[in-house]
Amino acid sequence: QYLIRPVNPIINAYATMIGRTLLARSIYMGAYLAAALFIFHIQANDLPVLFFVLLTGFAINLGFNILAACLGFYIVDASGFKNALLHMIRLMQGMFVPLALMPEVLQSVLQFTPFPSSMYWPIVALRGDAVPVLSLLSGSIWAIALPCVAYWFFKRSLVRYEGIGI
């Protein structure tokens, strides 16, 4: 892989991934929808909220992935730091401990961060439970802001790229 100027590396990476896995991801989404309707008994009027929460979760995780990839421009061996960062993110997303079991103060602070909107609220919506409107609003703001900030940070970090023979 080479970073050549006319090709946008972020769009190239995601377009390649989508091209290679589009059929499999379409099947997964069909299975996800079937599970939501038949196993979890999601009502048809809950589907727009479920898709909205999934879309915001995708956008927020896209921003997290771009920011984690930018660590390679600043740290020589970024794998350990990236692992620690991703474990902290997973903890705040509610993957290790559900947010409902965390202290009230931490729940109220995390409500305004992008972490619950990227993982916890999609699972809550899949179960058919109500997602708070404030969390939907916060998630939509983060879904727009985080990928934009991550892309800006990537463009700024690209200046630090050193390639031999290019």
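A short tour of the structure in this document, coming up. Because the structure is predicted, anything quoted here is derived from the model rather than measured.

About the cut-offs
- Residues numbered from 1 in each chain as written.
- Predicted model: local features only at pLDDT ≥ 70, side-chain atom pairs only at ≥ 80, totals over all residues.
- Heavy atoms only, no water.
- Core = buried A, V, L, I, M, F, W, Y, C linked by side-chain atoms within 4.5 Å.
- Buried < 20%, exposed > 50% of the residue type's maximum accessible area, 1.4 Å probe, protein only.
- Helix = DSSP H or I, 4+ residues; strand = E, 2+ residues; numbered from the N terminus.
- Contact = heavy atoms within 4.5 Å.
- Axes fitted to C-alpha atoms, helices over the stretch in contact; angles between N-to-C directions.
- Parallel < 35°, antiparallel > 145°, perpendicular 65-115°, else oblique.
- Left-handed = near helix turned anticlockwise from the far one by under 90°.
- Nonpolar A, V, L, I, M, F, W, Y, C, P; charged D, E, K, R; others polar.
- Polar contact = N/O pair within 3.5 Å; in protein donor to acceptor, adjacent residues only side chain to side chain.
- Disulfide = S-S within 2.5 Å.

Here we come to the nonpolar core. Ranked by size, the top nonpolar core spans 23 residues in total, and within it Leu 50, Phe 64, Trp 121 and Val 131 carry the most contacts. Going through the elements one at a time, α2 (47–74), α3 (79–93), α6 (120–127) and α7 (133–157) are the ones with two or more residues in this core. The greatest single-element share of this core, amounting to six residues, is contributed by α2. If we skip the residues at most four places from it in the chain, Trp 121 touches Val 53, Pro 116, Val 131, Pro 132 and Ser 135.

Turning our eyes to something else, we now look at the packing of α2 against α7. Where α2 contacts α7, the two axes come as close as 8 Å, and the packing angle between them is 25°. It follows from the interaxial angle that α2 and α7 lie roughly parallel. Both α2 and α7 take part in a crossing whose hand is left-handed. Residue classes in the contact of α2 with α7 are distributed as 20 nonpolar, five polar and one charged.

This paragraph deals with the side chain of Ser 118. Here Ser 118 shows up in helix α5 (residues 115–118). Among the polar contacts listed, one links the side chain of Ser 118 to the side chain of Gln 93, at a separation of 2.7 Å. Here the side chain of Ser 118 touches Phe 115 through a polar contact of 2.8 Å, landing on its backbone oxygen. Ignoring sequence-local partners within four residues, the contact set of Ser 118 consists of Gly 57, Ile 60, Asn 61, Phe 64 and Gln 93.

Overall, the coordinates contain zero disulfides when judged by the stated rule. A disulfide-free cysteine, Cys 70 has its sulfur positioned 14 Å from the sulfur of Cys 148, the nearest such atom.

Our focus in this paragraph is the environment of Phe 40. Its location among the elements puts Phe 40 in the loop between α1 (9–39) and α2. Distance in space between the C-alpha atoms of Phe 40 and Leu 136 is 21 Å, their sequence separation being 96 residues.

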